[in-house]
Amino acid sequence: MQRRDFLGLLSAALVLPPELVHAAPSVTKLLVGATPGGGTDIVARALAADLEQRLKHPFIVENRGGAAGNIAAVAVSKAEPDGGTLLLSYTSHAINPALFDKKPFDPIKDFTPISLIASSPLILVARPGLEANNLRELIALAKAKPGKISLAVAGVGSANHLAGEMLKHEAGVDIVSVPYKGAGPAVADVVGSQADLLLGNVATVQPLLQAGKIKGLGVSSPNRLPAFPKLAPIAETIPNFDYRSWYGLLGPAGMAPETVRELEAAAAAAVASPATRKRLTGEGLEPVGNNAAQFTQFLQGEIARWAKVVSVTQTRIT
């Protein structure tokens, strides 16, 4: 190339508007609004490991738990929109706007939705000795013993908690919700018969169900689960009951379109890869991997749906 041609190209590059200049970050921080070891953390680490190989730079998972995911979300909303800081969000991202009186961010306007990574049905489980073996029997038992049956709640305001409140509301039963600091102690009390019921993620309850330490009463998805074909959907007893946890990838607002396209393509490829898919399904998750437009539409629907749930159950955090 002649020197004058090179200088011409260089001059043209220098006058490009900032939104058209795309430079990949040297390191990407993937923030997780939950503690290590849980479902959100597992999804984040599986995704980060794959994206690191595909995009040829490090992806570092940072756990910033607290405030139902709000601490990590606030940090991402204030980050530079260059792809160097991303959020692995979960269902609470759509619940919190209605749940909290103080709103530290707008769940859509302050972010760039990139891809819905996976979702997880919930399983209603019971202590082994409970005198009910399916949802219909549970409803009959709860009506015969109002206020005598307990539901262990793993996190106030979580999808599990609110789905349980909707189940009680729509079944017309008086079951006492008992809050716990996380899924671990909640499950332990159901196994130990200190609590009667739990509505938990598949990954949380699957090994205990398989070991016979708890029993399943129903699933929150409209279809039966391949791993538990005998468990009927709750929707067969309570019409249209469909509440699931999910995990999605977001960035700060204002990300360049080409950065979003690169990340959504890489995320979709990661979710479709045999290794990542096997890891997700092994945790009882349903891989998704959709695009930014689809995830945005999904998120809008989730925010509206959970707002109705919060209103009906009169659940608030001040």
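All figures in this text were calculated on a predicted structure; none of them were measured in a lab. (Residues numbered from 1 in each chain as written. Predicted model: local features only at pLDDT ≥ 70, side-chain atom pairs only at ≥ 80, totals over all residues. Heavy atoms only, no water.)

1. Quick look at helix α5 (residues 135-144)
Heads up, the condition is: Per-residue accessibility, obtained with a 1.4 Å probe over protein chains only, is compared with the maximum for each type, and a residue is labelled buried under 20%, exposed over 50%, and partly exposed between these values. Helix and strand assignments come from DSSP, with helices taken as H or I runs of at least 4 residues and strands as E runs of at least 2, each series counted from the N terminus. Starting at the helix axis, one direction is taken to each C-beta atom, and the arc is that of these directions. Residue contacts are counted whenever heavy atoms from the two residues lie within 4.5 Å of one another. Nitrogen and oxygen atoms within 3.5 Å of one another constitute a polar contact, given that in protein one can donate a hydrogen and the other can accept it, and given that sequence-neighbouring residues count only through two side-chain atoms.
Along α5, the residues classified as buried are Leu135, Leu138, Ile139, Leu141 and Ala142. For α5, the angular spread of the buried residues around the axis is 165 degrees, confining them to a single face. What points out from α5, more than 90 degrees from its buried face, is the exposed set Arg136, Lys143 and Ala144. Here the buried face of α5 lies against β4 (111-126), α6 (159-171), β7 (197-201) and β8 (215-219). A distance of 3.2 Å separates the backbone nitrogen of Arg136 from a side-chain oxygen at the start of α5, and that oxygen is part of Asn134.

2. Side note on the domain arrangement of the protein
How large an interface is tends to be reported as the accessible area lost when its parts come together. Threshold: An automatic or database domain assignment is the source of the domain bounds shown. A quick way to say it: buried area is the sum, across both parts, of accessible area lost when two parts are put together, with a 1.4 Å probe.
By the assigned domains, the protein splits into domain 1 (28-120 + 244-313) and domain 2 (121-236). Taking the mean C-alpha position of each, domain 1 and domain 2 sit 26 Å from one another. Between domain 1 and domain 2, the contact holds 17 residues from the first and 19 residues from the second. With both sides pooled, the region where domain 1 packs onto domain 2 buries about 1300 Å², and carbon together with sulfur makes up 65% of that total.

3. Quick notes on the layout of surface pockets
Quick reminder of the rule: Of the grid points, spaced at 1 Å and generated over the protein atoms alone, those admitting a 1.4 Å probe that cannot get out make up cavities, while open sets with protein on both sides within 12 Å along at least five of seven lines make up pockets; any residue with an atom within 4 Å of a point is treated as lining. Grid points are joined across faces, edges and corners, and a volume is the space filled by probe spheres set on the points. Residues are grouped as follows: Ala, Val, Leu, Ile, Met, Phe, Trp, Tyr, Cys and Pro are nonpolar; Asp, Glu, Lys and Arg are charged; all remaining types, including Gly, are polar.
Considering only enclosed or pocket space, the largest pocket measures out at about 1000 Å³ in volume. Together, 41 residues line the largest pocket, and Ala34, Tyr90, Ala154, Gly182 and Ala183 are the ones closest to its centre. Elements supplying a minimum of two residues to the lining of the largest pocket: α2 (39-55), α6, α7 (183-191), β7, α8 (202-210) and β9 (244-252). For the lining of the largest pocket, the element with the most residues is β7, which contributes four residues. Looking at the lining of the largest pocket, its residues break down into 17 nonpolar, 22 polar and two charged.

4. Thoughts on the packing of aromatic side chains
Our working rule: Note on aromatic contacts: the rings of Phe and Tyr and the six-membered ring of Trp form a pair at centre separations within 6.5 Å, being stacked when their planes are under 30 degrees apart, edge-to-face when over 60 apart, and tilted otherwise. Either the NZ atom of lysine or the CZ atom of arginine qualifies as a charge over a ring when it sits within 6 Å of the ring centre and within 35 degrees of the ring normal.
One pass over the full model with this rule turns up six aromatic pairs. Seen from their ring centres, Phe105 and Phe111 are 5.3 Å apart, and the 85 degrees between their planes marks the pair as edge-to-face. Pair check on accessibility: Phe105 and Phe111 agree, each one buried. When the ring of Tyr243 is compared with that of Trp306, the centres are 5.5 Å apart and the planes differ by 50 degrees; the resulting orientation is tilted. Of this pair, Tyr243 sits in the loop between β8 and β9 while Trp306 is found in helix α11 (residues 292-313), placing the two residues 63 residues apart along the sequence. Residue Tyr243 is classed as buried on the basis of its relative accessible area, which comes to 7%. Using a relative accessible area of 0% as the deciding quantity, one classes Trp306 as buried. Three or more aromatic residues joined by ring pairs make a cluster, and in this case those are Phe241, Tyr243 and Trp306. Above the ring of Trp306, the side-chain terminus of Arg305 is found at 5.3 Å from the ring centroid.

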